[in-house]
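Commentary on secondary and tertiary structure
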Amino acid sequence: FKDLQDAAARAREAQIELALERVRSRSMAMHKSEELKEVIRLVLDQFIHLNINAEHAGFYIDYKAHDDMHIWLADPNIEPYFAVLPYFDTPTWNSFLESKAKGIAFHTDLLDFKEKNKFYKSLFKLFELPEEAKRFYLKCKGLAVSTVLLENVGLYIENFQGIPYSEEENKILMRFGKVFQQTYTRFLDLQKAEAQAREAQIEAALERVRSRSMAMHDSKELGEVAKVMFNQMKLLGGELFAFGIVLCDKDENVVEQWHGLGEGDMMTPFQVPVDLDYIHRYRYDQWKAGVELFSIEIPSDYIARHFELMFALPSVKMVMEDLKSKGIELAHPSWEIDYGASFRYGYLLVSSLQPYAEEKIFPRFAKVFEQAYTRFLDLQKAEAQAREAQIEAALERVRSKTMAMHKSEHLSETSVVLFNELNNLGIQTYRSGFGIYDEANQAIQLWLATSSDQFAKQNVLGTIPLQAHDALLKNYAAWKDNKPMMVHTFSGEEVKDYYQKIGSYLSIAPQKIYPDR
């Protein structure tokens, strides 16, 4: 009998060691931290394989570092999942806290039918469970729990018959706990390595944005920087729906929005009132308050209205029409969550179809874009200064030509210089020149240069009565009122009518001085 008993014990030990070895092997085979779930499921399977009545199991993670319970829950019928349980008064929680405080490695709990139901009713307030599952737990006879606490992990098993685990079963539980401690140590190493790799990936994405920012030589390239940033964000994962840059002013009630399209191509910027709806108001207020990172959901029952208000804005209509002419139709999603990351001049707007797991990277992109936008403003200022110098040089050339005149008819030559300088500044004119009012005779003397192929850089001269056309009378009235500028727009037959009425007074036939368009 003793020989048979020893043989049975050796066989049981071999069976237990094999189960432990399966857990060790699976632990060592982990290449990603997310594979921890597979090890947790295997641990529970091995308890069942050893004929230990483990109907449910849980794995406490870093229990010494938290006042709440951070648990991976394992069940034979479902995938392991993670949960955080806040404290509530129950024998199982109180014994856990007592063991934790005293450094006791092992403890058990036994709840009768009434205590068990009180425990589960409190638990149901923290979890949404199907009614069938609730009925099952409330009908169970009792609850028996055995728990082992190790360096930074704990492992418990429980059954719903209320039958305490035997001394042998509890010893096996402690051995599994030690193996799982090794598993968790490997998990932490993998998690650390993944965090370092992820950080390197994020920093590389930020560096690509920085590099494109520093490569800007023209303020128009800001859209390219924004495109690079959007594409880098998409490469980092998540279901990003759209990306935007919102430029704000604390003293203005309108913001300027740049939005990414497709692979990050930027649409034409448009103006949006801060109070267009509660979504825009919230985002603006968060930026104004200096909140570094904020988010707001656009619910399914409001999102259509949100986009309808946007698309009705005149500035947005123009953008939509331009996109439509290119064969691009924009449709809004059924739900989205907007993230905002503030910087000095506004905020980055990231719209996602799912909550974004790594939202803390958005402020890092915002800081990089702030540098890019600061450089944009510097370039814009430099370009404005260069443009002003270019304009001043053009003006000086016209001044010089004017001061070099020795006869009044030389003004016609000055009109040619004026025409050339305007074109050199990128102001494409069909004709330009000077008009001097003869108030006594209610007429205007013209010295004009034209871009016509037949009469390129040649003068059109003449004196025209102000009564010849209504536009001349309006110009004269504006001049008398010291207005700096007067604008007239002619189209179609109005153009021909204008030149026919004034053409007879000029040195060139009317049919030769108006464009064929």
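What this report covers is the structure whose coordinates are included nearby. (Residues numbered from 1 in each chain as written. Predicted model: local features only at pLDDT ≥ 70, side-chain atom pairs only at ≥ 80, totals over all residues. Heavy atoms only, no water.)

Describing the side chain of Asn-117
By the element assignment, Asn-117 lies in helix H4 (residues 113-124). Of the polar contacts made by the side chain of Asn-117, one reaches the side chain of Lys-116; its length is 2.7 Å. Those residues in contact with Asn-117 that sit more than four places away from it in its chain are Tyr-137 and Leu-138. (Helix = DSSP H or I, 4+ residues; strand = E, 2+ residues; numbered from the N terminus. Polar contact = N/O pair within 3.5 Å; in protein donor to acceptor, adjacent residues only side chain to side chain. Contact = heavy atoms within 4.5 Å.)

A few points about helix H8 (residues 278-288)
Restricting attention to buried positions, one finds in H8 the residues Ile-279, His-280, Arg-283, Tyr-284, Gln-286 and Trp-287. Buried positions in H8, seen along its axis, are confined to an arc of 160 degrees and lie on one side of it. Measuring from the backbone nitrogen of Ile-279 back to the side-chain oxygen at the start of H8 gives 3.1 Å, which picks out Asp-277 as the cap. A positive backbone phi angle near 80 degrees is found at Gly-290, which sits one or two residues after H8. (Buried < 20%, exposed > 50% of the residue type's maximum accessible area, 1.4 Å probe, protein only. Arc of directions from axis to C-beta.)

Section: the pairing of strand S1 (residues 56-61)
The buried fraction of S1 amounts to six of the six residues, a majority that puts the element mostly inside the structure. The pairing of S1 with strand S6 (residues 153-159) spans six bridges and is classified as antiparallel. Across the sheet, residue Gly-58 finds its bridge partner in S6, namely Tyr-156. Where S1 and strand S2 (residues 69-75) come together, four bridges link them in antiparallel fashion. Following the sheet pairing, Tyr-60 is matched in S2 by Ile-71. (Pairing = 2+ DSSP bridges.)

Points about unusual backbone geometry
The backbone phi angle of Asn-51 is positive, close to 65 degrees, even though this residue is not glycine. Position of Asn-51 among the secondary structure elements: in the loop between helix H2 (36-49) and S1. Judged by its relative accessible area of 65%, Asn-51 is exposed.

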